[in-house]
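Fold and contact review
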Amino acid sequence: MARLGKINHRHRLVPNFRRPGYTHPMSDQNLYIVLGIVGAVLAAALFFFLRRRPSSPGTHQSVRYAPPSPASPSATQQSVRSAPAAPAPKRDLTVGLSKSAQFLQGAIDKLFSHSEGAAFFSDLEETLVTADLGIEFTERLVTSLRKDLGLKVPSREELKARLSQALNVAFPELPLPTALDGATLPQKPWVIMMVGVNGVGKTTTTGKLCSRFRAQNRKVIVGAADTFRAAASEQLQAWVERTGAEGVFQKEGADPAAVAFDAVQAAQNRGADVCIVDTAGRLHTKHNLMDELAKVKRVMAKASTTGAAPAPHEVWLTVDGTTGQNALHQAREFHKALTLTGIVITKLDGSARGGIVIPIVEELKVPVVLVGVGEGVDDLLVFDRTQFLQGLLAAL
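What counts, and at which threshold
Residues numbered from 1 in each chain as written. Predicted model: local features only at pLDDT ≥ 70, side-chain atom pairs only at ≥ 80, totals over all residues. Heavy atoms only, no water. Core = buried A, V, L, I, M, F, W, Y, C linked by side-chain atoms within 4.5 Å. Buried < 20%, exposed > 50% of the residue type's maximum accessible area, 1.4 Å probe, protein only. Contact = heavy atoms within 4.5 Å. Patch = residues over 30% accessible without salt bridge, like charges linked within 9 Å, V, L, I, M, F, W, Y side chains within 5 Å. Areas by Shrake-Rupley, 256 points an atom, 1.4 Å probe, with all protein chains shown as cover. Salt bridge = Lys/Arg side-chain N within 4 Å of Asp/Glu carboxyl O. Helix = DSSP H or I, 4+ residues; strand = E, 2+ residues; numbered from the N terminus. Axes fitted to C-alpha atoms, helices over the stretch in contact; angles between N-to-C directions. Parallel < 35°, antiparallel > 145°, perpendicular 65-115°, else oblique. Left-handed = near helix turned anticlockwise from the far one by under 90°. Nonpolar A, V, L, I, M, F, W, Y, C, P; charged D, E, K, R; others polar. Pairing = 2+ DSSP bridges. Polar contact = N/O pair within 3.5 Å; in protein donor to acceptor, adjacent residues only side chain to side chain.

With that settled, consider the nonpolar core. Leu124, Val195, Phe334, Ile343 and Phe388 are the most contacted members of the largest nonpolar core, which has 76 residues in total. When sequence neighbours within four positions are dropped, the list of residues in contact with Phe388 reads Leu93, Leu97, Phe171, Gly354, Val357, Ile358 and Phe383. Residues Met194, Ala224, Leu236 and Val274 belong to the second largest nonpolar core, which totals 22 residues.

A surface patch of nonpolar side chains, about 280 Å² in accessible area, is lined by Ile33, Ile37 and Val41. In this fold, Ile33 is placed in helix α1 (residues 28-52). Since its relative accessible area comes to 44%, Ile33 is described here as partly exposed.

Attention now goes to the packing of helix α5 (residues 117-130) against helix α6 (residues 135-149). Working note: a packed helix pair is described by the angle between its axes plus the distance between those axes. Put simply, α5 and α6 touch, their axes get as near as 9 Å, and they point 160° apart. Taken together, the axes of α5 and α6 lie roughly antiparallel to each other. Of the two possible hands of crossing, α5 and α6 adopt the one that is right-handed. Across from Ala118, Phe121, Ser122, Leu124, Glu125, Leu128 and Val129 in α5, the residues of α6 making contact are Ile135, Thr138, Glu139, Leu141, Val142, Leu145 and Arg146. The class makeup of the residues in the contact of α5 with α6 is 9 nonpolar, 2 polar and 3 charged.

Our next topic: the side chain of Thr206. Looking at where Thr206 falls in the secondary structure, it is placed in helix α8 (residues 202-215). Look at Thr206 and you get buried, because its relative accessible area is 0%. Once residues within four sequence positions are removed from consideration, Thr206 is found in contact with Met194, Val222, Leu236, Ile276 and Asp278.

Another aspect to go through is the sheet that holds strand β7 (residues 368-372). Note: strands within a sheet are paired through backbone hydrogen bonds, in either parallel or antiparallel orientation. Strand order across the open sheet formed by 8 strands is β3-β2-β4-β1-β5-β6-β7-β8, with mixed pairing between neighbours. Each having just a single partner strand, β3 (246-248) and β8 (380-382) make up the two edges of the open sheet. Direction aside, neighbouring strands of the sheet carry axes that sit 25° apart on average. In the sheet, strand β6 (residues 342-346) pairs with β7 via 3 bridges, with the strands oriented parallel. If you follow Ile345 over to β7, its bridge partner there is Val371. Contacting β1 (190-195), β2 (220-225), β4 (274-279), β5 (314-320), β6, β7 and β8, α8 crosses the sheet at an angle of about 170° to β4.

Attention now goes to helix α14 (residues 385-393). Think of an α-helix as 3.6 residues a turn; residues three or four steps apart then line up on the same face. Turning to α14, its buried residues are Arg385, Phe388, Leu389, Gly391, Leu392 and Leu393. In this structure, the buried residues of α14 make contact with α3 (93-96), α4 (98-114), α7 (156-170) and α13 (357-364). Regarding α14, its N-cap is Asp384, as a side-chain oxygen of that residue lies 3.0 Å from the backbone nitrogen of Thr386 further along.

As a further point, take the side chain of Thr203. Here Thr203 lies in helix α8. Among the polar contacts listed, one links the side chain of Thr203 to the side chain of Asp278, at a separation of 2.8 Å. In contact with Thr203, other than residues within four places in its own chain, are Arg229, Gln235, Leu236 and Asp278.

Remember that the coordinates give geometry; whether it matters functionally is a separate question.
Laid out in structure tokens, this is it:
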């Protein structure tokens, strides 16, 4: 054993006759070279094997196919063609009223299953008021039914017919601004003053209006007269940049009447088609704030030097559709202070209180011009009276 060598931790046998330049056959360097060569050979063999292997059904592979025959395309060719994406469902007022319609349906179902005789009419009255159809409208309908039927309970079909007839009478068809659909503007610039309380979606509605008018290839100038709410100007600036409109902005805390004045004059000087002035949210119960809003309107009129009628040509109140009777109170006070020309109802798709449209229009004789039924830019719809009534009664 002494002649052959000795054992250490690196090699089992280390010769005693080492000499300069001697390397053991299984030294680290040679071992790594051998392992590298073996690994490369195995990887190359695996690559060629997988490439030549036929793919199983349903396995994705990149293959160049011959053009299909028009008469009889093969099943393989048909399988690799991608099916066209289904178009997104178009949002309309009927879809936006689904929660209101379902609420009314559930209330009527409960009415017919639990109420009889005189109790039926008192319960019907409570049901319609709860659905925000208005006290005056409800009283007229129930009084008419009692007069014609006495204590006889109407059938469901008869109740629906009478309800539809009463809604058509109470909800007059008022003219809408044709410019919303791309028709000729009454005059240029056509100035819209947007008003409402805080949090109803007024600035977002202003931005969506910019998008609508820009899609009609109209030149739009926006006045950011909400100088009190933090980041209101930044929010409107983002809409202006997104839609390609122009904006008139001043620093936070500036006089909103001055911003409105500058916006109207800029629209006249730059040849704009539409000017939209977004005002600060005002509580309808604060008379001093409403007086300030009336001042903004008067200043806009002084800025008008062109056209037959002074600005603003439209005063649109934005209300939150989820607030029910509170929306009616807001509309009363804003109409008293500013003489509204239109109502914009937002968030109607998230509410079961869409019936509030009826008492607002019936009492104020002001048309609902736009309805928001979603968060998207295209979810701000021009109001359609026929669609509204159909959607409200769809589930009955």
